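# Summary of structural features
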Amino acid sequence: MSLHDDAVLVLKSYEDQEALRQAYLDHLQAHPDGMWKACEAGHITASALVIDPGHGRVLLTLHKKLRMWLQMGGHCEPQDSTLEAAALREATEESGITGLTLLPGGPVRLDRHPIPPPCHCHFDVQYTVLAPVGAVQEISDESLDLRWFAYDEVADVADDSVVRLLDATRARL
C-alpha cells in the first residue's frame, strides 16, 4: 500500500472535523502527488505532540524558520510507509527521544494552515506520542530550542493550533 493510500484510509476513518477531513480527501483525490512537498497546491504533513502525562507536560520545539513554539512534525518522506510512521519519525528526529509511542486511536486533530510560496498550505495530520519515563530530549538541526511546558503554560507560549491539539489530546487521555 502506498503512503497516499494509507492517508486516504486514515482520513476516511477519522471521525471528527468533517468538513476539514473532506477537504483533505478532496485534495488527495485531485492531487496524486499531494503527499509530497513538491505539490505546490499543498501537501499532507504529519506531526506529533510529545507528552509526558505522568508529569502533566508537553515538549515543544522552537522552530528554526518560524521562531514559534510548535509540536514536532514535518514533511512525509519516501521511506514512510504510513502517516503514523511519518509522525513518529518526525517526533523522534526532532525531539531526540527514543522509545516514543503513539497514543492509540489514530490522529488527534487535523490542522490546515497557509505556508509561504511556492507551496500554499500544509494539510497537517496531527498525532500524539507518549514520552517514556526518564526521557531526555536533544535539540536537532531543525530547532532553536526544546523545552518541556506544563499543560497550563502552553497557551502562554504557543499558538491556538497547539492549544487545540493539547486540548484534544487531553480529552483522549
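Note: the structure precedes this text.
Keep in mind it's a predicted model, so treat the numbers as computed, not measured.

### Topic: the overall build of the chain
- Across its full length, the chain carries five helices and eight strands.
- Listing every helix and strand of the chain by position from the N terminus yields α-α-β-β-β-β-α-β-β-β-β-α-α.
- A compact globule built from 173 residues should have a C-alpha radius of gyration of about 16 Å, and the chain, at 15 Å, falls within 12% of that.
- Viewed in the frame of its principal axes, the chain has a C-alpha envelope of about 45 × 30 × 30 Å.
- Across the 173 residues that make up the chain, the buried fraction comes to 50%.

### Here we look at the pattern of salt bridges
- Applying the stated criterion to the full structure yields seven salt bridges.
- For Arg89, the salt bridge is made with Glu90, and the minimal N-O distance between the two is 3.1 Å.
- Note on Arg89: relative accessible area 14%, which makes it buried.
- Judged by relative accessible area, which is 4%, Glu90 ranks as buried.
- We note a salt bridge from Arg147 to Asp145, for which the minimum N-O separation is 2.8 Å.
- A single network of salt bridges, built from pairs that share partners, joins Asp80, Arg89, Glu90 and Glu93.

### Re the pairing of strand E1 (residues 43–52)
- Of all 10 residues that make up E1, 10 are buried, and the element is covered over most of its length.
- Where burial is concerned, the two faces of E1 agree: the one with His43, Thr45, Ser47, Leu49 and Ile51 and the one with Ile44, Ala46, Ala48, Val50 and Asp52 are both buried.
- Pairing between E1 and strand E7 (residues 121–130): nine bridges, direction parallel. For Thr45, the partnering residue across the bridge sits in E7 and is Asp124.

About the thresholds
- Residues numbered from 1 in each chain as written.
- Predicted model: local features only at pLDDT ≥ 70, side-chain atom pairs only at ≥ 80, totals over all residues.
- Heavy atoms only, no water.
- Helix = DSSP H or I, 4+ residues; strand = E, 2+ residues; numbered from the N terminus.
- Rg over C-alpha atoms; globule rule 2.2 N^0.38 Å.
- Buried < 20%, exposed > 50% of the residue type's maximum accessible area, 1.4 Å probe, protein only.
- Salt bridge = Lys/Arg side-chain N within 4 Å of Asp/Glu carboxyl O.
- Pairing = 2+ DSSP bridges.

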